Amino acid sequence: MTETVTYSTLLLTLLMIVGLVFFIRASTKDRIETLTLDRPVAPLALLQTLTAHFEERAYRVTAAEADAQRIVLRGRVRPSLFLACFLTLLAAIGGLCFALVLNNLWPAYGAVFLGLVGLAPVAGWFYWQGSDRDEDVILQVRPEASSEDSINPSATVTVTAHRDELIALDRFLNSSQNS
């Protein structure tokens, strides 16, 4: 193998390692989003429905402001064992690739470079430590201006929560509408 090919492979492997590090860091990132829902129900009934849904998902009410029609729920997010193992596996593969490239460049230190694979469990540990946290769900209900005196009340709710919780809420609301 020529030196040009070896150094090109080293450069590509370094770029892969940079991407891997950013991927591992992103695994612990908060993915908080806001969803606005318009529902043809009374504001209090909607607030009770949403609160019951999130309490079923192991969230607990931590603050309730009746005048602002705002409720804050808090729940503990547990890390995924599958994702911790997957990140460890990816880090092991990345470390092995980097070690093999370094071994081609400096064969005398080949066994030392294979020690990079031993750093792979740090990726799983980093994910596990960063993902085990409390997350808040904020429910803000605003009655429609035209619906206060109306026979058919409607409300607008703004839900601020983790992206996965919003997806589960959307499924719940769609299934309750269909049934």
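Residues numbered from 1 in each chain as written. Predicted model: local features only at pLDDT ≥ 70, side-chain atom pairs only at ≥ 80, totals over all residues. Heavy atoms only, no water.

The next thing to look at is the pattern of salt bridges. Side-chain pairs of opposite charge can arise whenever the charged atoms involved come near each other. A complete count under the given rule lists seven salt bridges for this structure. For Arg78, the salt bridge goes to Asp132, with nearest N and O atoms at 3.5 Å. Pair noted here: Arg78 is in the loop between strand 3 (70-77) and helix 3 (81-105) and Asp132 is in the loop between helix 5 (121-131) and strand 4 (133-143), with a separation of 54 residues, a long-range link. Several salt bridges converge on common partners, so that one network encompasses Arg76, Arg78, Asp132 and Asp134. (Salt bridge = Lys/Arg side-chain N within 4 Å of Asp/Glu carboxyl O. Helix = DSSP H or I, 4+ residues; strand = E, 2+ residues; numbered from the N terminus.)

Taken as a whole and assessed by the stated rule, the structure comprises zero disulfides. With no disulfide partner, Cys97 has as its closest neighbouring cysteine sulfur the one in Cys85, 19 Å distant. (Disulfide = S-S within 2.5 Å.)

Further remarks concern unusual backbone geometry. If you check the backbone angles, Ala58 has positive phi at about 75 degrees while not being a glycine. Following the sequence through the fold, Ala58 ends up in the loop between helix 2 (43-56) and strand 2 (60-65).

Two elements in contact, helix 1 (residues 3-26) and helix 3, have axes separated by 10 Å at closest approach and are oriented at 160 degrees. Classed by the angle they form, the pair helix 1 and helix 3 counts as roughly antiparallel. You can see that helix 1 and helix 3 cross each other, and the crossing is left-handed. From helix 1, Thr6, Tyr7, Thr9, Leu10, Thr13, Leu14, Met16, Ile17, Leu20, Phe23 and Ile24 reach across to helix 3, where they touch Phe86, Leu87, Leu90, Ala91, Gly94, Cys97, Phe98, Val101, Leu102, Asn104 and Leu105. Of the residues belonging to the contact of helix 1 with helix 3, the class tally is 17 nonpolar, five polar and no charged. (Axes fitted to C-alpha atoms, helices over the stretch in contact; angles between N-to-C directions. Parallel < 35°, antiparallel > 145°, perpendicular 65-115°, else oblique. Left-handed = near helix turned anticlockwise from the far one by under 90°. Contact = heavy atoms within 4.5 Å. Nonpolar A, V, L, I, M, F, W, Y, C, P; charged D, E, K, R; others polar.)

Take helix 5 next. Turning to helix 5, its buried residues are Ala123, Gly124, Tyr127 and Ser131. Viewed end-on, helix 5 has its buried residues packed into an arc of 95 degrees, placing them on one side of the element. (Buried < 20%, exposed > 50% of the residue type's maximum accessible area, 1.4 Å probe, protein only. Arc of directions from axis to C-beta.)

Keep in mind these values describe shape, not function.
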